[in-house]
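One-letter residues, chain by chain:
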Amino acid sequence: MTRLVDPQLADTVGVLFQRTLKTRYRGSFLGVLWSAVSPLAMASVYAAIFGHVFAAHYGNSLVRYASAVYIGLAVSQLFIAGTAQALPSIVAGSGLLNKIRIPFEAFPLSTVAAYGFQHLVGTVPVLAALTLIDTGDPLHVIALLVPLAALAMLTVGVALIVSGADVFFRDVPYIYDLATFFILLTSPIFYPASIVAPNVLRILALNPLFQIMEELRILILTRSWPELGSTALTLGEGALVLAVGVAAFAAMRGHFMEEL
Amino acid sequence: MIAFDRVRLERRTREEHAQDLKARLFALVTGRYRTPRRKVVLDDITLTVKPGEKIGIIGPNGAGKSTLLKAICGVLQPTSGSVRVDGRVAPMLELGAGFDPDLTVVDNVVLYGVLLGVPRRAIQQRVDAILAFAELEDYREFPVRALSSGMMARLGFAIATDVPAEILLIDEALSVGDESFRARSRERIDSLWNADRTIVLVSHDLGTVRSICNRTIWIAHGRIMADGPTNDVVSDYIRSVDQTAIALLLRAREATAESGS
């Protein structure tokens, strides 16, 4: 019987989440600090190199350009590092899975949760502060939760798919490496979306990270609100990817023990 | 209660399978892909274990003993036939499995307990008792990597036997720790024995099986060779092993005689 939600699942995710936080991010204060500071440092490097070209698209403000880059980096890092860390988690747990019946999804879910937790604790205060500085509107800060929810669904959905695929094919990490390169390049992290040719832009807009970044930028850097239609699209894409991930995982899980 | 009804369990043989997406795609495209061969690990196993029974499982290496335990605890699903298990199953893991060396002893107790299926709240309340039994109260906040292997074995034993499970699965090695701990673990095992707990013990140590189990199942090539009172089954098993050994010896002697003539 393959039930989607195991009664044991929540507790197992909980202990594995704590284990990851305590071991991988030992002295988690440093981890949190790192996740806040590293995109800041990268954003300032981008600003130094591309600032004089791209600042024109941000009202000639280098700070606003750097803020836009920070948003792009925060989003892409959460997605890429979260999924990449979840990818080998089931295979890594194979020793235990061969001895005890543990709900498989506990491994990718707890890994994403642990990475996401320390990432968000580091970046969300920065994003919130930027929002308040640029808009002065606390409602905008609260609204950040909407694209972040879409990002969470997207990350969990993809994490389920890649961690499951890794069980069957051990070269998935290399292939996923290549895939993340494409995802990074097609995301407007350091370039303004407006410089992309319209016909290419239509394709880039299919990248869910693209939508999430642009929505966050509207909320954080401007006083206007994203269009309702695009917000619905972003959430819908996130939910779709999550649903596909859950379905794919349910289809794969019955065959995991053959491979582990 | 454990009920196996005509259980057959096949596993894929490892070596023939390309666990590589690129290689697999290439093989599919060029038409060289062969479905991997499968090996029968358990074949037509039918058995019933009543609550409170102490069962020994014996047989040569690769006979399917550990697979049988995995089927009982739900790690492996049968290819055909049915497995029914009523009650919580606690597998006793070998030394160190299930522990994270970097976590503290207390965190590991909770981790291990939850992995064995105990609700987190429940295991948190048992931490003190478990550490007391393992004589590790002074090591609460030490990382497990700082424990000696004997201490680790004590900890694992203390947790596994504290789990409120109706069925305890033991694969080999019961002897843990030093003399004083062994005496007390013996006591705890005896108390487990006397309770209604079902125990399935896989062991090559026929002495242990004799002293603990009232019923024994002998498995070879994934099939049940004998199932009955421990003394009868163990004697049959020993006789068969001896006969095989003698047959081998005779064959070897014939071979040398032939090559000599």
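Our subject is the structure that appears above.
Residues numbered from 1 in each chain as written. Chains lettered and ligands numbered in written order. Predicted model: local features only at pLDDT ≥ 70, side-chain atom pairs only at ≥ 80, totals over all residues. Heavy atoms only, no water.

Trainee: Quick one: what's the story with the overall build of chain B, residue by residue and with numbers?
Mentor: The helix and strand inventory of chain B stands at eight helices and nine strands. In terms of overall dimensions, chain B has a C-alpha envelope of 70 × 55 × 40 Å along the principal axes. The buried share of chain B, reckoned over its 261 residues, is 47%. Across chain B, contacts joining residues at least 24 apart in sequence account for 73% of those joining residues at least 6 apart. Of the roughly 13200 Å² of accessible surface on chain B, 52% is carried by carbon and sulfur atoms. The distance from the centre of the 35 positive side-chain charges to the centre of the 34 negative ones in chain B is 7 Å. (Helix = DSSP H or I, 4+ residues; strand = E, 2+ residues; numbered from the N terminus. Buried < 20%, exposed > 50% of the residue type's maximum accessible area, 1.4 Å probe, protein only. Contact = heavy atoms within 4.5 Å. Areas by Shrake-Rupley, 256 points an atom, 1.4 Å probe, with all protein chains shown as cover. Lys, Arg positive; Asp, Glu negative; His and termini not counted. Charge placed at Lys NZ, Arg CZ, Asp CG, Glu CD.)

Trainee: Outline the packing of helix α6 (residues 106–135) of chain A against helix α8 (residues 145–168) of chain A, listing residues and values.
Mentor: Residues and elements named next belong to chain A. Their axes nearest at 10 Å, the elements α6 and α8 cross at an angle of 150°. In terms of orientation, α6 lies roughly antiparallel with respect to α8. Here α6 runs over α8; the crossing is right-handed. Mapping the contact onto sequence places Pro108, Leu109, Val112 and Val124 in α6 and Leu148, Thr155, Val156, Ala159, Leu160 and Ser163 in α8. (Axes fitted to C-alpha atoms, helices over the stretch in contact; angles between N-to-C directions. Parallel < 35°, antiparallel > 145°, perpendicular 65-115°, else oblique. Left-handed = near helix turned anticlockwise from the far one by under 90°.)

Trainee: Requested: an account of the interface of chain A and chain B, with residues and values cited.
Mentor: Counting from both sides, the interface comprises 28 residues of chain A and, opposite them, 34 residues of chain B. Taking both sides of the interface into account, the surface hidden between chain A and chain B amounts to around 2800 Å²; carbon and sulfur atoms contribute 55%. Looking at the side of chain A facing chain B, the largest losses of area belong to Lys99, Phe169 and Glu258 of chain A, adding up to 23% of the total buried there. Between chain A and chain B we count five salt bridges in total. In this structure, the salt-bridge partner of Lys22 of chain A is Asp107 of chain B, at a minimum N-O distance of 2.9 Å. The interface formed by chain A and chain B includes nine residue pairs in polar contact (both at pLDDT 80 or more). Taken together, the elements giving at least two residues each to the side of chain A that touches chain B come down to α1 (9–23), α5 (94–97), α8 and α13 (256–259) of chain A. Per-element accounting of the side of chain A that touches chain B gives the leading share, nine residues, to α1 of chain A. For the side of chain A that touches chain B, a count of residues per class yields twelve nonpolar, six polar and ten charged. (Buried area = accessible area lost by both parts, 1.4 Å probe. Salt bridge = Lys/Arg side-chain N within 4 Å of Asp/Glu carboxyl O. Polar contact = N/O pair within 3.5 Å; in protein donor to acceptor, adjacent residues only side chain to side chain. Nonpolar A, V, L, I, M, F, W, Y, C, P; charged D, E, K, R; others polar.)

Trainee: Would you mind going over the sheet that holds strand β1 (residues 2–12) of chain B in detail, with residue names and values included?
Mentor: Residues and elements named next belong to chain B. Judged by pairing direction, the sheet is antiparallel, and its three strands sit side by side in the order β2-β1-β4 without closing on themselves. Unpaired on one side and paired on the other, β2 (38–49) and β4 (80–85) mark the two borders of the sheet. Geometrically, the sheet is characterised by an average inter-axis angle of 30° between neighbouring strands, direction not taken into account. Both β1 and β4 contribute to a ladder of five bridges, which runs antiparallel. By the bridge assignment, Ala3 is partnered in β4 with Arg84. Packed onto the sheet, helix α2 (residues 65–72) meets β1, β2 and β4 and runs at close to 115° relative to β1. (Pairing = 2+ DSSP bridges.)

Trainee: Describe a nonpolar patch on the surface, and please don't skip the residues or the numbers.
Mentor: Residues and elements named next belong to chain A. A contiguous nonpolar patch, built from Phe29, Leu30, Leu33 and Val37 and spanning about 420 Å² of accessible area, is present on the exposed surface. By the secondary structure assignment, Val37 is in helix α2 (residues 28–54). Assessed through its relative accessible area of 39%, Val37 is described here as partly exposed. (Patch = residues over 30% accessible without salt bridge, like charges linked within 9 Å, V, L, I, M, F, W, Y side chains within 5 Å.)

Trainee: Account for the side chain of Ser187 of chain A, naming residues and giving values.
Mentor: Following the sequence through the fold, Ser187 of chain A ends up in the loop between α9 (172–185) and α10 (198–204). Excluding its chain neighbours within four sequence positions, the residues that come into contact with Ser187 of chain A are Asn207, Leu209 and Met213 of chain A.

Trainee: How would you explain the packing of aromatic side chains if you had to name every residue and give the values?
Mentor: Residues and elements named next belong to chain A. In this structure the tally under the stated criterion is 16 aromatic pairs over all chains. With a centroid separation of 5.8 Å and an interplanar angle of 45°, the aromatic rings of Phe168 and Phe256 are classed as tilted. Within this pair, whereas Phe168 is found in helix α8, its partner Phe256 is found in helix α13, the two being separated by 88 residues in sequence. Classification of Phe256 by relative accessible area gives buried; the value is 0%. (Phe/Tyr/Trp six-rings, centres within 6.5 Å; stacked < 30°, edge-to-face > 60°.)

Trainee: Which residues make up the side chain of Thr83 of chain A, and what are the values?
Mentor: Residues and elements named next belong to chain A. In this structure, Thr83 sits in helix α3 (residues 62–86). The exposure class of Thr83 is buried, given its relative accessible area of 0%. Looking at Thr83, its side chain comes within polar contact range of the main-chain oxygen of Phe79, at 2.7 Å. Ignoring any residue separated from it by four or fewer positions in sequence, one finds Thr83 in contact with Leu78, Thr155, Val158, Ala159, Val162 and Tyr176.

Trainee: How would you summarise the environment of Gln118 of chain A if you had to cite specific residues and measurements?
Mentor: Along the chain, Gln118 of chain A falls in helix α6. Once the C-alpha coordinates of Gln118 of chain A and Leu21 of chain A are considered, the two residues, 97 residues apart in sequence, prove to be 8.0 Å apart.

Trainee: Can you tell me about the pattern of salt bridges, naming the residues and giving the values?
Mentor: For the coordinates displayed, the defined rule picks out 21 salt bridges over all chains. Notably, a salt bridge pairs Asp100 of chain B with Arg19 of chain A, separated by 3.6 Å at the nearest N-O pair. Taken together, the residues span two chains, with Asp100 of chain B in the loop between β5 (89–92) and α3 (105–115) and Arg19 of chain A in helix α1. Each of Glu258 of chain A together with Arg8, Glu10, Arg38, Asp43 and Arg223 of chain B takes part in salt bridges that share partners, so that together they form one network.

Trainee: Explain empty space enclosed by the protein residue by residue, including any values.
Mentor: Residue and element names in this part refer to chain A. In this structure the tally under the stated criterion is two cavities of 30 Å³ or more. Quantified by volume, the largest cavity comes out at close to 40 Å³. In terms of lining, the largest cavity is formed by Ala74, Val75, Leu78, His119, Leu120, Thr123, Val124, Leu127, Leu148 and Leu151. Looking at the lining of the largest cavity, the elements with two or more residues in it are α3, α6 and α8. (1 Å grid on protein atoms, 1.4 Å probe; cavity = no way out; pocket = protein on both sides within 12 Å on 5 of 7 lines; lining within 4 Å. Points joined across faces, edges and corners; volume = space filled by probe spheres on them.)

Trainee: Summarise the packing of α8 of chain A against helix α12 (residues 228–253) of chain A; cite the residues concerned and give the values.
Mentor: Residues and elements named next belong to chain A. One way to put it is that α8 packs onto α12 with a least axis distance of 8 Å and a crossing angle of 25°. In this view, α8 runs roughly parallel relative to α12, as classed from their interaxial angle. Remark: the crossing between α8 and α12 carries left-handed chirality. For the contact of α8 with α12, a count of residues per class yields 19 nonpolar, seven polar and no charged.

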